[in-house]
Amino acid sequence: MLSVGDFIVLASQNLRKQEARASRRRSIDRWFGRIGLLFTIGTLGVLAILLLNLAASGLTRIDWQFLLSFPSRRAAEAGILSAWVGTILLMIVTASVAVPLGVAAGIYLEEYAAKNKWTDFIEINIANLAGVPSILYGLMALGLFVYQFRFGQSVLAGGLALACLVLPIVIVATREALRTIPAAIREAAFALGATRWQAVWHHLLPYSTGGIATGVILAMSRAIGESAPLITIGALTFIAFLPPAPILSHAPFLSFDWLFSPFTALPIQMFNWVSRPGEEFQSNAAAAGLFLMLITLGMNGVAILLRRHAQRNIKW
Amino acid sequence: MNPIPAVQVSSEKDIAGVEVKPEVKVEIQNLSFFYGRNQVLRNVSLDVPAYQVTAMIGPSGCGKTTLLRCLNRMHDLYPGNRYEGSVRLYPGGTDILGPGMDPIRVRMRFGMVFQKPNPFPKSIYENVAYGLRLQGMNKRRDLDERVEKALRESALWDEVKSRLHQLAHNLSGGQQQRLCIARAIATDPDVVLFDEPTSALDPIATSKIEELIVEMKKRVTVIIVTHNLQQAGRISDRTAFMYLGELIEFGETNRMFTNPAKPQTEDYISGRFG
């Protein structure tokens with residue numbers, strides 16, 4: 001038999017054990033917090049050093065002369081005019097192919113397609129496509145667009161290669177944006193006699209524009225930094241001319257010759273300079289890299305603003 | 001009001017043996033509904049009288065909402081659903097489940113108000129105008145007139161007339177639900193379906209909606225699914241009690257609540273289950 005006193009002793013021993021365990025648990029908790037903070041600072045620090053390093057060697061090179069000159073054998077006279085014009089033209093082709101195709105595919109899969117094994121299969125493969133190494137898209141584009149369709153080593157072939165690369169990102173972003181709209185909103189539209197297309201066009205697309213636009217911009221900022229697929233299809237690294245202008249001063253005022261022009265792009269120009277000996281070319285490369293980075297950051301900033309703006313009026 | 005006998009009227013005959021039909025709006029005959037292999041409704045037959053409020057009551061999962069959503073073919077939006085039987089809409093008597101019947105045409109004649117207020121994230125005006133726009137009305141003057149009429153009929157006009165072009169989401173829950181009613185009646189549907197319209201609302205907002213529904217039956221036939229027996233007692237002329245996918249009893253609300261014919265109805269109404 002245990003006496004009352006024994007019980008009290010046992011109970012207090014128990015309490016002490018619990019307390020010891022609790023303090024151990026608390027210290028593990030605290031330590032994880034500290035280690036996590038350390039890792040976060042470490043990772044951000046590496047990124048910061050990278051940026052600072054780029055800025056230190058490249059910032060002084062960025063001026064109007066650098067932006068408005070063609071590449072040159074003399075590092076001091078070289079610039080990135082043909083590179084950034086090429087990048088912009090590529091992005092125009094990429095966006096005008098990837099956005100309509102990707103958004104339409106996303107709408108179809110989310111709103112129209114029946115949920116069965118076939119659509120599951122498509123879904124898994126879209127996720128897989130997003131993970132395919134970019135150089136494989138380059139090889140595909142080389143075979144299909146450059147040789148089969150005879151687009152040549154042109155802006156069109158490059159833009160199409162990048163469009164294929166980012167298409168899965170656009171599809172997934174569209175589907176996710178549509179999925180945030182509650183079923184009750186769809187039913188409200190259908191109950192009034194809307195067709196699926198009317199529900200999409202009048203409601204679902206307008207309410208998900210912010211999400212879709214964010215996804216599209218993130219996809220574009222992925223495409224803008226790609227070099228492997230462009231090198232594979234044979235983008236040139238030294239171009240001292242601009243593609244033909246898209247707007248003419250005489251009828252028919254619009255020209256699409258630029259689509260078939262050879263091109264270079266910022267990452268390729270950078271790659272070219274990095275592979276050259278000489279301090280000055282290295283700083284040219286850093287400057288081009290910095291410029292590319294600024295564009296990417298700017299695009300991500302716009303994506304954040306767009307999302308904020310689009311969500312301002314929409315609460316579910 | 002039309003004098004309508006308490007029992008199911010479609011089978012009644014007068015002395016001469018000629019069927020006396022009160023004005024029936026929706027005639028549901030042997031309706032069964034399957035979700036995949038799962039039968040949710042079993043052979044339901046029921047005549048919904050015109051210009052009255054018909055309440056559907058029963059415990060959760062009894063199929064009352066499923067029945068309501070058969071009437072505007074909402075089940076067609078999801079795969080794996082199948083109807084059997086017929087639902088005729090009068091006058092005319094077209095079978096809205098019949099082959100070749102376009103669900104979109106059905107939905108334009110049945111308005112629907114949902115459990116939770118679900119206004120579009122657009123202006124108050126655009127919410128009410130949407131059904132009209134779908135039906136091809138696009139002249140500003142016509143739209144203005146119909147939007148005002150619908151908002152007056154849903155007792156919302158005085159509260160929102162100065163801010164028609166502000167977002168609907170700035171309204172309170174009860175106002176949003178009245179807006180959804182305005183949206184449903186703006187197109188002058190034959191029948192308005194209410195799916196537990198007050199379950200997300202406070203008592204004051206609820207009583208406003210109930211008043212509205214009673215007022216509405218002068219112009220339109222109302223079918224309401226409700227969890228709230230008192231609500232069915234307060235606002236409905238007829239009540240249908242459903243249990244496990246079957247229609248157990250259907251009759252005049254007063255009679256059902258005071259003198260139910262079936263023991264299950266009595267058990268449910270007296271709170272012994274459900």
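Residues numbered from 1 in each chain as written. Chains lettered and ligands numbered in written order. Predicted model: local features only at pLDDT ≥ 70, side-chain atom pairs only at ≥ 80, totals over all residues.

S.K.: Give me the lowdown on the overall build of chain A, citing residues and values where you can.
M.R.: Counting its regular elements, chain A contains 11 helices and 0 strands. The helix and strand sequence of chain A, counted from the amino end, reads α-α-α-α-α-α-α-α-α-α-α. In summary, chain A has a C-alpha radius of gyration of 28 Å against a globular reference of 20 Å for 316 residues, an excess of more than 25%. Along the first, second and third principal axes, the C-alpha atoms of chain A reach 105 × 65 × 40 Å. Counting only residues that meet the buried cut, chain A has 34% of its 316 residues in that class. (Helix = DSSP H or I, 4+ residues; strand = E, 2+ residues; numbered from the N terminus. Rg over C-alpha atoms; globule rule 2.2 N^0.38 Å. Buried ≥ 20, exposed ≤ 12 C-beta atoms within 10 Å, placed from the backbone.)

S.K.: So what about the domain arrangement of chain A? Which residues, and what values?
M.R.: Often, the extent of an interface is quoted as the loss of accessible area on bringing the components together. All names here are of chain A. Domain parsing of chain A yields domain 1 (4-59) and domain 2 (64-312). Using C-alpha coordinates to define each centre, domain 1 is positioned 42 Å away from domain 2. Listed per partner, the contact involves 5 residues of domain 1 and 7 residues of domain 2. When grouped by side-chain class, the residues that make up the side of domain 1 that touches domain 2 number 3 nonpolar, 2 polar and no charged. (Domains from an automatic or database assignment. Contact = placed C-beta atoms within 7 Å. Nonpolar A, V, L, I, M, F, W, Y, C, P; charged D, E, K, R; others polar.)

S.K.: Could you give me a rundown of the nonpolar core, with the residues and numbers involved?
M.R.: Residues and elements named next belong to chain A. Counting residues in hydrophobic clusters, the biggest one holds 141 residues, and the most contacted among them are Ala161, Val166, Val170 and Ala288. Tallying contributions element by element places helix α6 (residues 155-179) first for this core, with 18 residues. In this structure valine 170 touches Ala98, Val99, Gly102, Val103, Gly215, Val216 and Ala219, once residues within four positions along its chain are discounted. (Core = buried A, V, L, I, M, F, W, Y, C linked by C-beta atoms within 7 Å.)

S.K.: Break down the sheet that holds strand β7 (residues 191-195) of chain B for me, citing the residues and quoting the values.
M.R.: Residues and elements named next belong to chain B. With respect to topology, 6 strands assemble into an open sheet ordered β6-β7-β8-β3-β9-β10, the strand pairing being mixed. The open sheet is flanked by β6 (110-113) and β10 (246-252), the only strands paired with a single partner. Recorded for the sheet is a direction-independent mean angle of 20° between the axes of neighbouring strands. Here β7 runs beside strand β8 (residues 221-225); their pairing, made up of 5 bridges, is parallel. In the strand pairing of β8, valine 191 is matched with threonine 221. (Pairing = 2+ DSSP bridges. Axes fitted to C-alpha atoms, helices over the stretch in contact; angles between N-to-C directions.)

S.K.: Tell me about the confidence of the model for chain A, residues and numbers included.
M.R.: Where the model shows low pLDDT, its predicted coordinates should not be examined in detail. On average, residues of chain A carry a pLDDT of 90, and 99% of them reach 70 or more. Least confident of the elements in chain A is helix α11 (residues 279-312) of chain A, whose mean pLDDT is 88; most confident is helix α7 (residues 183-191) of chain A, at 96. (pLDDT = per-residue confidence, 0-100.)

S.K.: Account for helix α1 (residues 4-58) of chain A, naming residues and giving values.
M.R.: One full turn of an α-helix is made of 3.6 residues, so residues set three or four places apart face in the same direction. Here α1 of chain A spans 80 Å end to end across 55 residues, near enough to the 81 Å set by a 1.5 Å rise per residue. Burial of α1 of chain A is sparse: only 1 of the 55 residues sit out of reach of the surface. (Expected span 1.5 Å × (residues − 1).)

S.K.: Tell me about the interface of chain B and chain A, and please be specific about residues and values.
M.R.: Taken together, the 18 residues of chain B in the interface contact 17 residues of chain A. Mapped onto the side of chain B that touches chain A, the elements with two or more residues apiece are α2 (103-109) and α3 (124-134) of chain B. Looking at the side of chain B that touches chain A, its residues break down into 12 nonpolar, 4 polar and 2 charged.

S.K.: Could you give an account of the environment of alanine 240 of chain B, with specific residues and numbers?
M.R.: Residue and element names in this part refer to chain B. Locating alanine 240 in the fold gives a position in strand β9 (residues 238-243). What makes alanine 240 buried here is the crowd of 26 C-beta atoms within 10 Å. Taking the C-alpha atoms as reference points, alanine 240 and leucine 132, 108 residues apart in sequence, are found 32 Å from one another. Contact partners of alanine 240, with chain neighbours within four places excluded, come to Leu46, Thr54, Met56, Leu247 and Phe250.

S.K.: Pulling in residues and values, what's your account of the pairing of strand β4 (residues 81-89) of chain B?
M.R.: Residues and elements named next belong to chain B. Across 8 bridges, the pairing between strand β1 (residues 24-35) and β4 is antiparallel. By the bridge assignment for β4, phenylalanine 34 is matched with arginine 82. Pairing of β4 with strand β5 (residues 94-95) involves 2 bridges; the strand directions are antiparallel. Bridging across to β5, arginine 88 finds its partner in aspartate 95. Once β4 ends, the chain turns through 4 residues before running back antiparallel as β5, passing glycine 92 with a positive phi of about 115°.

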